[in-house]
Amino acid sequence: MVAVRSFVVASQHEVRGGCVWPGGEPAPDGPYTARATVMLRVIPAGKGGSVTEPDRRRAAILTVDDDPDVSRAVARDLRRHYGDAHRIVRAESAAAGLDALRQMKLRGDLVAVILADYRMPEMNGIEFLEQAMDVYPGARRALLTAYADTGAAIDAINVVDLDYYLLKPWDPPEEKLYPVVDSLLEAWQSADYRPVPETKVVGHRWSARSSQVREFLARNQVPYRWYGSDEPEGRRLLQAAGADGERLPLVVTPDGEALVEPSDQELASRVGLATTPSEAFYDLIVIGGGPAGLGAAVYGASEGLRTVLVERTATGGQAGQSSRIENYLGFPDGVSGAQLTDRARRQATKFGAELLTAREVVGLEVHGSARRVVFGDGSVVDAHTVILATGVTYRQLAVPGVPELTGRGVFYGSALTEATSCTDHDVYIVGGANSAGQAAVYLARTARSVTMLVRGESLEKSMSHYLVQQVAGLPAITVRTCTETVAADGTDHLERLTLRNAATGATETVKAQWLFVFIGAAPLTDWLDGVVQRDERGFILAGPDLVPGGDRPRGWPLDRPPYHLETSVPGVFVAGDVRAESAKRVASAVGEGAMAVMLVHRYLEKL
Ligand SMILES: Cc1cc2nc3c(=O)[nH]c(=O)nc-3n(C[C@H](O)[C@H](O)[C@H](O)COP(=O)(O)OP(=O)(O)OC[C@H]3O[C@@H](n4cnc5c(N)ncnc54)[C@H](O)[C@@H]3O)c2cc1C
């Protein structure tokens, strides 16, 4: 038994069912196991290669006939008249025709017209069109029949809402074929069946993994379209991919590849994000892709250092989740975290930095003058120097019910991704600092009401003045001070919250579908234990903080003291929020990233 990719071959616009080896060679005869992941390969006539983007955008006319001579003749006549404006796709069996439709569906291609022969051995034309309608309900349909079959064709008008039946032979086509196809195309054009060439995600609204995948794509600026698994188009995509809908989400890449419950790394590599370093050794490895890490990558690469940045989830870090950063220098009208991240990413890659996504670093080792970074899967990459820019991670709300409902109505920092789903709903936010205020202002644009649950007595103590004013100016926002969230519950998703008044101790239960949590953050640096010195909360010590009494850090091997942002390991630097006593601002993180690179140069000069 040989595993191959099932696929459809086409020459100029002709499609035949068949199989190829992954390398592209036709597979030898034999029993095949077709994988769920299938690709459409369309090879232009006389050339090899795949169909071009503009070609894919041309709506297809599919013709299915099991008689090769008739099949070729129909395709030839169609191509002669419609070849410039449409892609003519030909299949020699109902199964191959359905296969072709499913591939095109996954790729987001347009199909305008389907012409099917009535008498086919494995399934007749009506049965074929019935199944084709499940995949492309908008495509107009016609049946090719012999005179003797006209009764069946008339019946088919009711079964598959047939638009036409065409009698064979159709000579001359100018009189018998083209006027029919013209009117089918006209009918199709008047309806709105736009293609969706970007990544498609089919998931369940209250599935934690579905929302993580959306968040991952959104934060990595991968355009995608979301379909509920219970929507008609969602069901069609599941069917086209051969997925049962039990395991969600289904992600369909722009190439038509179907991924069921993909991991972040799998997703990253299939949607065009780099996940593997191209070299074994660099001048500089930056760990963390927030403002500090991106700043370091821009300055490192622009100053000629071979630089690779490794990011666990998505570049942008915390800042990438901010709806509007209003205090970053040079943006008087504010800038969204997504815009800032997009610009920084482009800037870093323009200068030649490699950006790896969905790769978590779990270890740092010292091997002589080399610094080794260990990934979660055990692979490694080495460099002369390392900048730790791992920032901080949201603190979890430790109350009953919240862990189970995370991603099912309870979210950490995903206000931007979920905002449209909250339209006209009542939303709760836990937290009273700037990040909570920004989320409240953002969500108030679409939600029916936003209630901020704040433990303290007022917002003024924890939030910047400008944001307090914005919150106060929005009637949709209510601020409940002295209020703690003590429980969350619901069966499939969040349904209720229990709140306690911190002053009186009185509790009340409110109906709630959406809870966004912004209660501060902590550095996740346990993996650096025993390698670099940290303070009691896990923040990394550097420069003067390592030599409080003038003593060098334990095990420090050099004559000079650590440079300003250098950790207790020479050649390993720290920048941004993960540094002890850092400012926790975008501007200071970017500044520290740039400054760390300057110190990397100083270190390399003396290596
Ligand atoms: C919602 C929100 C709004 C904010 N608004 C403002 C504002 O308006 N103005 C302002 O000045 N500041 C604001 N801040 C704060 C600001 O975003 C942070 O100070 C800044 O992002 C810190 O940058 P950083 O690069 O040090 O860390 P982070 O932004 O935390 O980035 C660290 C990155 O490292 C990655 N990482 C962590 N561990 C690993 C690992 N082991 N391997 C690989 N990668 C790893 C993380 O996934 C993350 O992407 C806001 C923060 C939030 C959450």
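Conventions used here
Residues numbered from 1 in each chain as written. Predicted model: local features only at pLDDT ≥ 70, side-chain atom pairs only at ≥ 80, totals over all residues. Heavy atoms only, no water. Core = buried A, V, L, I, M, F, W, Y, C linked by side-chain atoms within 4.5 Å. Buried < 20%, exposed > 50% of the residue type's maximum accessible area, 1.4 Å probe, protein only. Helix = DSSP H or I, 4+ residues; strand = E, 2+ residues; numbered from the N terminus. Contact = heavy atoms within 4.5 Å. Near = heavy atom within 4 Å. Polar contact = N/O pair within 3.5 Å; in protein donor to acceptor, adjacent residues only side chain to side chain. Areas by Shrake-Rupley, 256 points an atom, 1.4 Å probe, with all protein chains shown as cover. Nonpolar A, V, L, I, M, F, W, Y, C, P; charged D, E, K, R; others polar. Phe/Tyr/Trp six-rings, centres within 6.5 Å; stacked < 30°, edge-to-face > 60°.

**Student:** How should the nonpolar core be read in this particular structure?
**Tutor:** Soluble globular proteins tend to pack their nonpolar side chains together in the buried interior. Ranked by internal contacts, the top residues of the largest apolar core, which has 30 residues, are Leu101, Ile114, Phe128 and Leu143. The set of elements that each furnish at least two residues to this core consists of β5 (60–64), β6 (87–91), α3 (94–107), β7 (111–117), α4 (125–135) and α5 (150–159). Take this core: its biggest share by element is six residues, from α3. Setting aside its immediate chain neighbours within four residues, Phe128 contacts Leu62, Val64, Ala94, Gly97, Leu98, Leu101, Ile114, Ala116, Met120 and Met123. Membership of the second largest hydrophobic core comes to 26 residues, among which are Ala389, Tyr563, Phe573 and Tyr603.

**Student:** Looking at this structure, I do not really get the environment of Ile325. What am I missing?
**Tutor:** Tracing the backbone through its elements, the reader meets Ile325 in the loop between β15 (307–310) and α12 (337–350). On the accessibility criterion, Ile325 (5% relative accessible area) is buried. Between the alpha carbons of Ile325 and Gln438 there is a distance of 8.7 Å; along the sequence they are 113 residues apart.

**Student:** What exactly am I supposed to notice about the site of the ligand here?
**Tutor:** If you check the shell around the ligand, you find 34 residues, and the closest are Glu311, Gln318, Asn327, Gln438 and Asp577. The side chain of Gln318 places a nitrogen or oxygen atom 2.8 Å from an oxygen atom of the ligand. The separation between an oxygen atom of the ligand and a polar main-chain atom of Asp577 is 2.8 Å. Expressed as a share of its isolated accessible area of 1,000 Å², the protein-covered part of the ligand is 95%. Here the shell around the ligand is built from residues that sort into 14 nonpolar, 13 polar and seven charged.

**Student:** Which parts of the structure should I look at to understand the environment of Glu354?
**Tutor:** If you trace the backbone, Glu354 turns up in strand β16 (residues 354–356). Through-space distance from the C-alpha of Glu354 to that of Leu309 is 6.1 Å; in sequence the pair is 45 residues apart. Apart from the residues within four sequence positions on either side, Glu354 is in contact with Thr276, Pro277, Ser278, Glu279, Tyr282, Thr307, Val308 and Leu309. In this structure the side chain of Glu354 is engaged in a polar contact, spanning 2.4 Å, whose partner is the side chain of Ser278. A distance of 2.9 Å separates a polar atom in the side chain of Glu354 from a polar atom in the side chain of Tyr282.

**Student:** Just checking my understanding: could you explain the packing of aromatic side chains for this structure?
**Tutor:** The relation between two aromatic rings is expressed through the spacing of the ring centres and the mutual angle of the planes. Going through the model one piece at a time under the given rule, you end up with eight aromatic pairs. Their ring planes at 85° and their centres at 5.7 Å tell us that Tyr82 and Tyr178 sit as a pair that is edge-to-face. You can see Tyr82 sitting in helix α2 (residues 68–82) and its partner Tyr178 sitting in helix α7 (residues 178–190), a full 96 residues away along the chain. Taken individually, Tyr82 and Tyr178 each receive the classification buried, so the pair is uniform in this respect. Centre to centre, the rings of Tyr394 and Phe518 are 6.1 Å apart; their planes meet at 85°, and the pair counts as edge-to-face.

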